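Chain by chain, the residues:
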2 protein chains.
Amino acid sequence: MLEQMGKAAKAASYQLALLSSREKNRVLEKIADYLEAQSETILAANAQDVSEARDNGLSDALLDRLQLTPARLSAIAADVRQVCHLTDPVGQVIDGGLLDSGLRLERRRVPLGVIGVIYEARPNVTVDVASLCLKTGNAAILRGGKETWRTNAATVRVIQQALVECGLPAAAVQAIESPDRALVNELLRMDNYIDMLIPRGGAGLHKLCREQSTIPVITGGIGVCHIFVDDSAEFAPAINIIVNAKTQRPSTCNTVETLLVHQGVAERFLPALSDAMAEKGVTLHADSQALSLLQDGPATAVAVKPEEYDDEFLSLDLNVKIVADLDTAIDHIRAHGTQHSDAILTRTLRNANRFVNEVDSSAVYVNASTRFTDGAQFGLGAEVAVSTQKLHARGPMGLEALTTYKWIGFGDDTIRA
Amino acid sequence: MLEQMGKAAKAASYQLALLSSREKNRVLEKIADYLEAQSETILAANAQDVSEARDNGLSDALLDRLQLTPARLSAIAADVRQVCHLTDPVGQVIDGGLLDSGLRLERRRVPLGVIGVIYEARPNVTVDVASLCLKTGNAAILRGGKETWRTNAATVRVIQQALVECGLPAAAVQAIESPDRALVNELLRMDNYIDMLIPRGGAGLHKLCREQSTIPVITGGIGVCHIFVDDSAEFAPAINIIVNAKTQRPSTCNTVETLLVHQGVAERFLPALSDAMAEKGVTLHADSQALSLLQDGPATAVAVKPEEYDDEFLSLDLNVKIVADLDTAIDHIRAHGTQHSDAILTRTLRNANRFVNEVDSSAVYVNASTRFTDGAQFGLGAEVAVSTQKLHARGPMGLEALTTYKWIGFGDDTIRA
């Protein structure tokens, strides 16, 4: 079955690659309209998914994440209309020129072809990914969380109806509808048909893809993010940034997980930190030196477990570690970070520059919150994933990351000397 | 042992990333000087490799490929000096701007980190790859063909001496010196230390890397390249291009392997082709329709075997197939090509555009030889490999392909709203 899906997707991708931006926007507009006009079938499927998930004992927070409402569906449709307004990178000439040989060479941006996406149980992702892939002329094979398979199937049928009515193949957007996990393993070996695989999810999924996939994979989305408070940091704005980076939306990958505090200011800084964290209900996981300064509260402080430096809390918890200097801070980040987002709070230019140059992460910040690592915040208009690997795309992946390029040589009966 | 090498390479990469172009060029110049000044040790090691290879019955052609001479070593040193003159992409600002939030964002080109390269038994590749990696601030772990392991080890020792004398860690360039093949499998799992893996070699090596590597891999270098002779092609220049694409250097990956001839001109074109191919000693592997037109010579013509459409000859052999039209030609290329280099010979603008848009290869040509797909020919100055995958880099990979980028956010105590 997957083999057939792959073949159909590849064939569809050849057709999609030739569409103008106007033709692609026409499909996107129709998809947005149909999501609203046919909300009933999608909502009915979603109700079944939610009911089954409730029977299976999913938490209220997770149930809320997978539930659709008419208002949420309208918001999703609005996002699709937003994608219409984004600049289409396909067809862009990256560079080119006339070579000594007489060959006129051009490097032109083209779609990747077929993109496979494995994602969590969030119904909006189905539409987000499909619309970004279509906007860039790519076919998509989607595999959403098994808790939302009925919702995804219903959503993809609406998308396919819009495609077909625009004279395009339904196979341009396909979903793997069975909740069978073995299909994921099969999907990972379809390098004949799929050009890029994006796993969105936990560390386990990323490891599986890195180890088993024969398709080029973009890994990311896991953020053990750090903020280093230098000895020249100004306290009030530093606290403000830490509060934002930890508490604005704790479940996201760009949330700070570990605070590294310069020993020269720890004694004065940590009480102020404790006040602010207490107010926000953040539990501090402190190394022994920091704990002695934090144990009297007001924020709850516990001894950090070594493995907590290497994992995301995704909750109102924050590691606090005192470091000797900038070098020690950088060493800690190199050893424990996931190359996602890291920040320095400092008033010293040389330290700011050193941090920017020496911390090897997708995004590095000076006197700013790590929460900015996001496609919309970065002005990319949309985001299909956040890459923490170095090949192809790094950090928030916008439309450009869904394209590749092709070298085109125009000769005048030109041969190589 | 490999674990130690990986750790040392990663540590070295942090230091290399901070070097200015001038500092990197200083090392490269010293390497070039030492390759000449210490040619004796390298040539002695090479003599041992060659002697052992001869005892093992390697062909004269292969022996020639792995043999070094003082003149060849000087040419290799000259190539290193050439790399000094190339523009260093590291530090380049790709784009940036001031966001509504007040964050000043910049996307800056940085080295990849540690690059692993597995390559054939060609001693010049050791120096080529090392110099391109150093120029872009990357550490390199090299695994050359086992027939040249002594040569590679001696060469790397000379490179390391130059590194150390410039105050840089020897681990910036390391070679796996043992001919043990099991080490390759171990190398493929070192995703903790290696950021990108480039296998240069045959289809078997690429398959192994795609299936076993947990490190992002760049595959390529295998070219089943096509030329389509359209019915509007002019015969004399078409023959000239085919001769160039097939015979200028038949063992290269950008050599044409299959000629697709429009049925409308086959009867008149194939006799002219046969004359030219006979002159160059090319054997034609023809489909049944073409064979009936080619069997009387003057070029040797045999019936093509189906599997020959999917493989590189790398010799003076050429498939010839008659196709109904441009669509059939494109279908054949999609089914049998390796997305390397394909050309159309035509005088019809619409067909030229269709071919360029619809053939999904790294390089597509109109009225030019496929032999142009090459870093030097494309003006990239150098080439570390030719990628036929779509992620990260496509076609000839120059210095830019050895870099990634980093997002840098400069705030003024800026938080996300």
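Residues numbered from 1 in each chain as written. Chains lettered and ligands numbered in written order. Predicted model: local features only at pLDDT ≥ 70, side-chain atom pairs only at ≥ 80, totals over all residues. Heavy atoms only, no water.

### Observations concerning the overall build of chain A
When helices and strands are counted, chain A shows 14 helices and 16 strands. Relative to the compact-globule value of 22 Å for 417 residues, chain A shows a C-alpha radius of gyration of 24 Å, a close match. Seen along its three principal axes, the alpha-carbon backbone of chain A occupies a region of about 70 × 70 × 35 Å. Expressed as a percentage of its 417 residues, the buried residues of chain A come to 59%. Long-range contacts, defined as pairs at least 24 residues apart, comprise 72% of the intrachain contacts of chain A with a sequence gap of at least 6. Carbon and sulfur atoms make up 48% of the accessible area of chain A, which totals about 15800 Å². (Helix = DSSP H or I, 4+ residues; strand = E, 2+ residues; numbered from the N terminus. Rg over C-alpha atoms; globule rule 2.2 N^0.38 Å. Buried < 20%, exposed > 50% of the residue type's maximum accessible area, 1.4 Å probe, protein only. Contact = heavy atoms within 4.5 Å. Areas by Shrake-Rupley, 256 points an atom, 1.4 Å probe, with all protein chains shown as cover.)

### With respect to the relation of the copies chain A and chain B
Superposition of chain A onto chain B requires a rotation of 180 degrees combined with a translation of 0.0 Å along the rotation axis, giving an RMSD of 0.0 Å. Such values leave the two copies arranged in the relation of a two-fold axis. In terms of proximity to the rotation axis, the leading residue of chain A is His392 of chain A, whose C-alpha is 1.8 Å off the axis. The share of interface residues of chain A whose copies in chain B are also at the interface is 100%, consistent with both copies meeting through the same surface. (Least-squares fit on C-alpha atoms with pLDDT ≥ 70 in both.)

### What to know about the confidence of the model for chain A
Overall, the prediction assigns chain A a mean pLDDT of 95, with 100% of residues at 70 or greater. The complex prediction reports pTM at 0.93, with the ipTM value standing at 0.93. (pLDDT = per-residue confidence, 0-100.)

### Looking at unusual backbone geometry
At the junction of Gly297 of chain A and Pro298 of chain A, the peptide bond is cis and its omega measures out at 10 degrees in the coordinates. Structurally, the position occupied by Pro298 of chain A is in the loop between α12 (288-294) and β10 (301-303). One non-glycine residue, Asn367 of chain A, lies in the positive phi region at around 50 degrees. Tracing the backbone through its elements, the reader meets Asn367 of chain A in strand β13 (residues 363-368). Positive phi values are uncommon outside glycine, yet Asp413 of chain B reaches one of about 60 degrees. Position of Asp413 of chain B relative to the elements: it lies in strand β16 (residues 403-414).

### Things to note about the interface of chain A and chain B
Taken together, the 73 residues of chain A in the interface contact 73 residues of chain B. Carbon and sulfur atoms supply 53% of the area buried between chain A and chain B, which totals about 6300 Å² over both sides. Where chain A touches chain B, the interface holds 7 salt bridges. One salt bridge in this structure joins Arg210 of chain A and Asp191 of chain B, with 3.6 Å as the shortest N-O distance. If you look at where chain A meets chain B, you find 43 residue pairs in polar contact (both at pLDDT 80 or more). (Buried area = accessible area lost by both parts, 1.4 Å probe. Salt bridge = Lys/Arg side-chain N within 4 Å of Asp/Glu carboxyl O. Polar contact = N/O pair within 3.5 Å; in protein donor to acceptor, adjacent residues only side chain to side chain.)

### Things to note about the domain arrangement of chain A
Here chain A is partitioned into domain 1 (1-219 + 391-409) and domain 2 (225-377). Once you take the C-alpha centre of each, domain 1 of chain A and domain 2 of chain A turn out to be 35 Å apart. (Domains from an automatic or database assignment.)

### Description of empty space enclosed by the protein
With the rule as written, the count across this model stands at 3 cavities of 30 Å³ or more. Reported here for the largest cavity is a volume of approximately 70 Å³. In terms of lining, the largest cavity is formed by Tyr119, Leu142, Arg143, Gly144, Trp149, Asn152, Ala153, Ala175, Ile176, Glu177 and Ser178 of chain B. Breaking the lining of the largest cavity down by element, the ones donating at least two residues are β4 (139-143) and α7 (149-165) of chain B. Broken down by element, the residue count for the lining of the largest cavity peaks at 3 residues, all from α7 of chain B. Taken together, the residues of the lining of the largest cavity break down into 6 nonpolar, 3 polar and 2 charged. Reported here for the second largest cavity is a volume of approximately 40 Å³. Every residue along the wall of the second largest cavity is listed here: Ala233, Glu234, Pro237, Ala238, Ile241, Leu345, Thr346, Arg347 and Asn367 of chain A together with Asp413 of chain B. With 3 residues, the single largest contributor to the lining of the second largest cavity is helix α10 (residues 235-247) of chain A. Of the residues in the lining of the second largest cavity, the class split is 5 nonpolar, 2 polar and 3 charged. (1 Å grid on protein atoms, 1.4 Å probe; cavity = no way out; pocket = protein on both sides within 12 Å on 5 of 7 lines; lining within 4 Å. Points joined across faces, edges and corners; volume = space filled by probe spheres on them. Nonpolar A, V, L, I, M, F, W, Y, C, P; charged D, E, K, R; others polar.)

### Thoughts on helix α1 (residues 2-16) of chain A
Here α1 of chain A spans 20 Å end to end across 15 residues, near enough to the 21 Å set by a 1.5 Å rise per residue. Residues Leu2, Met5, Gly6, Ala9, Lys10, Ala12, Ser13, Tyr14 and Leu16 of chain A constitute the buried set of α1 of chain A. Lining the buried residues of α1 of chain A we find β3 (114-118), α6 (123-135), β4 (139-143), β5 (173-175) and α8 (182-187) of chain A together with α13 (326-336) of chain B. (Expected span 1.5 Å × (residues − 1).)

### Focus: the UniProt feature "domain: Aldehyde dehydrogenase" (unreviewed entry) in chain A
As annotated by UniProt and renumbered to match this structure, "domain: Aldehyde dehydrogenase" (unreviewed entry) occupies residues 4-279 of chain A. Across residues 4-279 of chain A, the secondary structure splits into 53% helix and 16% strand, with the terminal C-alpha atoms separated by 56 Å. (UniProt positions renumbered as here; feature names shortened; annotations may be inferred.)

### Points about the pattern of salt bridges
Going through the model one piece at a time under the given rule, you end up with 53 salt bridges over all chains. In this structure, Asp195 of chain A engages Lys10 of chain A in a salt bridge whose closest nitrogen and oxygen atoms are separated by 2.9 Å. Remark: Lys10 of chain A occurs in helix α1 and Asp195 of chain A occurs in the loop between α8 and β6 (196-199); sequence separation between them is 185 residues. An identical accessibility class is assigned to Asp195 of chain A and Lys10 of chain A; each is buried. In this structure, Lys207 of chain B engages Glu211 of chain B in a salt bridge whose closest nitrogen and oxygen atoms are separated by 3.3 Å. Linking Lys207 of chain B with Glu211 of chain B, this pair stays in helix α9 (residues 203-212), spanning 4 residues, or about one helical turn. Taken together, the shared-partner salt bridges in this structure form one network comprising Lys10 and Asp195 of chain A together with Asp360, Lys390 and Arg394 of chain B.

### Description of the sheet that holds strand β8 (residues 256-262) of chain A
Overall, mixed pairing links the 10 strands, which are arranged β10(A)-β9(A)-β11(A)-β8(A)-β7(A)-β12(A)-β13(A)-β16(B)-β2(B)-β1(B) in an open sheet. Either end of the sheet is taken by a strand with one partner, and the two such strands are β10 of chain A together with β1 (93-98) of chain B. Neighbour-to-neighbour, the strand axes of the sheet open up by a mean angle of 25 degrees, direction not taken into account. Pairing between strand β9 (residues 283-286) of chain A and β10 of chain A: 3 bridges, direction parallel. Following the sheet pairing, Ala286 of chain A is matched in β10 of chain A by Ala303 of chain A. (Pairing = 2+ DSSP bridges. Axes fitted to C-alpha atoms, helices over the stretch in contact; angles between N-to-C directions.)

### Description of helix α2 (residues 21-37) of chain A
Residue and element names in this part refer to chain A. Compared with an ideal rise of 1.5 Å per residue, which puts 17 residues at 24 Å, α2 spans 24 Å between its outermost C-alpha atoms and is within 8% of the ideal. Within the span of α2, buried status applies to Lys24, Asn25, Val27, Leu28, Ile31, Ala32, Tyr34 and Leu35. Buried positions along α2 lie against α3 (39-55), α5 (70-85), α6 and α7 (149-165).

### Points about the sheet that holds strand β11 (residues 317-323) of chain B
Hydrogen bonds between backbone groups are what pair the strands of a sheet, and the pairing can be parallel or antiparallel. Judged by pairing direction, the sheet is mixed, and its 10 strands sit side by side in the order β1(A)-β2(A)-β16(A)-β13(B)-β12(B)-β7(B)-β8(B)-β11(B)-β9(B)-β10(B) without closing on themselves. Strands at the two margins of the open sheet, each flanked by one partner only, are β1 (93-98) of chain A together with β10 (301-303) of chain B. Sheet twist, expressed as the mean angle between neighbouring strand axes with direction ignored, is 25 degrees. Here 8 bridges tie strand β2 (residues 104-111) of chain A to strand β16 (residues 403-414) of chain A, and the two strands are oriented antiparallel to one another. The partner of Arg108 of chain A across the bridge, within β16 of chain A, is Lys406 of chain A. Taken strand by strand, helix α10 (residues 235-247) of chain B contacts β16 of chain A together with β7 (225-229), β8 (256-262), β11, β12 (341-345) and β13 (363-368) of chain B, and its axis lies near 160 degrees from that of β8 of chain B.

### Observations concerning the packing of aromatic side chains
This model, assessed by the stated rule, comprises 6 aromatic pairs over all chains. A centroid spacing of 4.9 Å and a plane angle of 45 degrees characterise the contact between Trp407 of chain A and Phe378 of chain B, whose relative ring orientation is tilted. Of this pair, Trp407 of chain A sits in strand β16 while Phe378 of chain B sits in the loop between β13 and β14 (385-387), placing the two residues on different chains. Residue classification places Phe378 of chain B among the buried positions, given a relative accessible area of 5%. Plain terms: the ring middles of Tyr405 of chain B and Trp407 of chain B are 5.9 Å apart, the flat faces sit at 90 degrees to each other, and that makes the pair edge-to-face. Given the relative accessible area of 11%, Tyr405 of chain B is considered buried. (Phe/Tyr/Trp six-rings, centres within 6.5 Å; stacked < 30°, edge-to-face > 60°.)

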